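Breakdown of the fold
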Amino acid sequence: MARGEHSPACARRWREQAESRQWTLWQTAQAVHGCCGVSLLKAHRLARGWSAREAVRELEELCERQDLGEARVSIDLLNAWENHRARPRPQTIELLARLYRANAVRLGLAGDYCEDGGGGAKVVVVAGGGAEGGAGPLHEARGQGDGDTERRALFHHALLGSRVAMSGRLMAEVERTRQDLDRTLALAGVTEDQLDRLDEQVVRYRREYISSAPLPMLYRLMLELSDVRTLVAARQPAMHQRRLLNATVMLTLLSADALMKLGDTRQAHAWYGTARTAADDMGDLRLRALVRAQQAMLPYYYGDLTETLRLAREARMLAGNAPSSPAALGAAAEARALARMGEHKAARAALAEAEQIFARMPPEGHDHLAFRFSERRLQFYRIGTLIELGEEVDWTPAPSGPYTIDPVLILLDQAAHRVRDGRVEEGCQLAERALLQVPPEHRTSIVVDRARTLLAAVPAGPRKTAAARRLADLLADTAPAGS
């Protein structure tokens, strides 16, 4: 079961409701998709009550019965398709459509660009309801406006609660917001005053993002993006369209970064893809470079350093020779990845280049904004690179600084290197201090998982020390924020 998904029992309760209400399988699949946080493809399988093994067997029997050739499917492949880790070939999409008696759009494997809205009733789960927490009220959505209103109500409801929490339903709506935005970008009378207000909003989000907890910020961004999508939906004059696309890039990048901090790598990848679509449509090389430079940190924190290098170098190529935030960030990201890969000489050269680019950058003021490569961000990347190079760095983050998660990640890197050097007591003490200094709402998966990885690297003997036991107890009592 992927992160954010409801248990299979939730889908079973939807099937029971569907039977009593005489829904079609398509309506049942929509209810499961909307409530349980699963892809449409998986929702079709759950709507039928099939396990992955049963679905594979059904597909194989269908191919044999109708003489359609070899199915070429396995449980692992089906799971990859259902969780968007891979995409089936066109021939396989045809077979899946036959199996589920649907089309590629309803399977979530193609976009729907029809102007008539597709027709037919849709089952929608309203706020506070759903089979996961007991049978909630249902109704049929009449059009896109109703769906947007309900979606906004869901995010407002989440923000107004005493505790902002992550749920399958809300994360499904995060993904649906991105899909709607993708469709709108494929299509595209806004006033100058509206654009000015939007620009001001984007700057405010970039300023507040640095110190805001990722989950409530993500929900606020979803509300803002639903407004932006309405403006982008109608083709605008070229200059207006560029400003709208610029705002779209910034808001989608903030959303992707928040999802990365929350540990939802699948949706983070998808939102970075949407940011790339908007930036590429705009054609601004510096903006295209910024998207790739920011995206480079997702594989850095979640395991694929070669992808970090590829994206960082692509960002530097797009940024060109002029000193800019994307160019400096690309060089700094490359330095950190090379250092972690053991390429020490190349890492030092990349770090020196990042510092040279920053020294040549025009002053951008003292305002701390997300995506602005400030002196403080250069310091984070420099320290992170030096730690990976094995140098002892005596650094304590400023207690009143605007950044919240970045300093903690640096401290955890320091702690991990001390553990690897055999200084387990020091490393565990530093990791404990790092976790305690970050507010609970910022203690997301990207922080908690790194601390758990550090503890897992402690050998069995030293794990009995007082510092290691305290860290283990702290982690046992710590659930990632939003989970």
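Just so it is clear, the structure is predicted and the values come from calculations on it, not from any experiment. (Residues numbered from 1 in each chain as written. Predicted model: local features only at pLDDT ≥ 70, side-chain atom pairs only at ≥ 80, totals over all residues. Heavy atoms only, no water.)

Despite not being glycine, Arg-72 has its phi angle at roughly 55°, a positive value. As for its placement among the helices and strands, Arg-72 is situated in the loop between helix H4 (52-65) and helix H5 (75-82). The backbone phi angle of His-84 is positive, close to 60°, even though this residue is not glycine. Topologically, His-84 is positioned in the loop between H5 and helix H6 (90-100). (Helix = DSSP H or I, 4+ residues; strand = E, 2+ residues; numbered from the N terminus.)

Packed helices, taken two at a time, are described by the angle between their axes plus the distance between the axes. Contact pair helix H19 (residues 405-420) / helix H21 (residues 445-456): the axes reach a minimum separation of 10 Å and the direction vectors enclose 5°. Considered as vectors, H19 and H21 are oriented roughly parallel to each other. On H21, the residues that touch Ile-405, Val-408, Leu-409, Leu-412, Asp-413, Ala-415, Ala-416 and Val-419 of H19 are Ile-446, Val-447, Arg-450, Ala-451 and Leu-454. Residue composition of the contact of H19 with H21, grouped by class: 11 nonpolar, no polar and two charged. (Axes fitted to C-alpha atoms, helices over the stretch in contact; angles between N-to-C directions. Parallel < 35°, antiparallel > 145°, perpendicular 65-115°, else oblique. Contact = heavy atoms within 4.5 Å. Nonpolar A, V, L, I, M, F, W, Y, C, P; charged D, E, K, R; others polar.)

Our next topic: the confidence of the model for the chain. Counting all residues, the mean pLDDT for the chain is 83, and 87% of those residues have values of 70 or more. This stretch, residues 117-121, has a pLDDT under 50; its non-local contacts, to residues over four places away or in other chains, come to three contacts. The low-confidence segment residues 124-144, where pLDDT is below 50, has 46 contacts with residues more than four positions distant or belonging to other chains. (pLDDT = per-residue confidence, 0-100.)

With that out of the way, let us pick up the environment of Gln-437. Note that Gln-437 resides in helix H20 (residues 424-437). A relative accessible area of 39% means that Gln-437 is categorised as partly exposed. Sequence separation between Gln-437 and Val-408 is 29 residues, and the spatial gap between their C-alpha atoms is 8.0 Å. (Buried < 20%, exposed > 50% of the residue type's maximum accessible area, 1.4 Å probe, protein only.)

Taken as a whole and judged by the stated rule, the model has 31 salt bridges. Put simply, Glu-426 and Arg-418 hold a salt bridge, and the shortest N to O gap is 4.0 Å. We classify Glu-426 as partly exposed; its relative accessible area is 36%. The salt bridge partner of Arg-423 is Glu-426, with a shortest N-O separation of 3.4 Å. On the basis of relative accessibility, which here comes to 28%, the residue Arg-423 falls in the partly exposed class. Three or more residues are tied together by salt bridges with common partners; here these are Arg-276, Asp-280, Arg-288, Arg-292, Glu-307, Arg-310 and Glu-314. (Salt bridge = Lys/Arg side-chain N within 4 Å of Asp/Glu carboxyl O.)

In total, this model carries six aromatic pairs according to the counting rule given. Between the aromatic rings of Phe-155 and Tyr-219, the centroid separation amounts to 5.3 Å while the plane-to-plane angle is 40°, which identifies the pairing as tilted. Look at Phe-155 and you get buried, because its relative accessible area is 1%. In this structure Tyr-219 comes out as buried when scored by relative accessible area, which is 0%. Centroid distance Phe-358 to Phe-373: 6.3 Å. Interplanar angle 70°. Geometry classified as edge-to-face. Pair noted here: Phe-358 is in helix H17 (residues 344-360) and Phe-373 is in the loop between H17 and helix H18 (375-388), with a separation of 15 residues, a long-range link. A relative accessible area of 1% places Phe-373 in the buried class. (Phe/Tyr/Trp six-rings, centres within 6.5 Å; stacked < 30°, edge-to-face > 60°.)

Let us look at a negative patch on the surface. Side chains of Glu-60, Glu-61, Glu-64 and Glu-70 sit close together on the surface and give a patch of like negative charge. Mapped onto the elements, Glu-60 comes out in helix H4. (Patch = residues over 30% accessible without salt bridge, like charges linked within 9 Å, V, L, I, M, F, W, Y side chains within 5 Å. Areas by Shrake-Rupley, 256 points an atom, 1.4 Å probe, with all protein chains shown as cover. Lys, Arg positive; Asp, Glu negative; His and termini not counted. Charge placed at Lys NZ, Arg CZ, Asp CG, Glu CD.)

Direction vectors running N to C along helix H11 (residues 238-262) and helix H13 (residues 285-295) enclose 5°, while the axes themselves pass 11 Å from each other. Compared by their axis directions, H11 and H13 come out roughly parallel. Contacts from Asn-246, Val-249, Met-250, Leu-253 and Asp-257 of H11 reach H13 at Leu-287, Leu-290, Val-291 and Gln-294. The residue makeup of the contact of H11 with H13, split by class, is six nonpolar, two polar and one charged.

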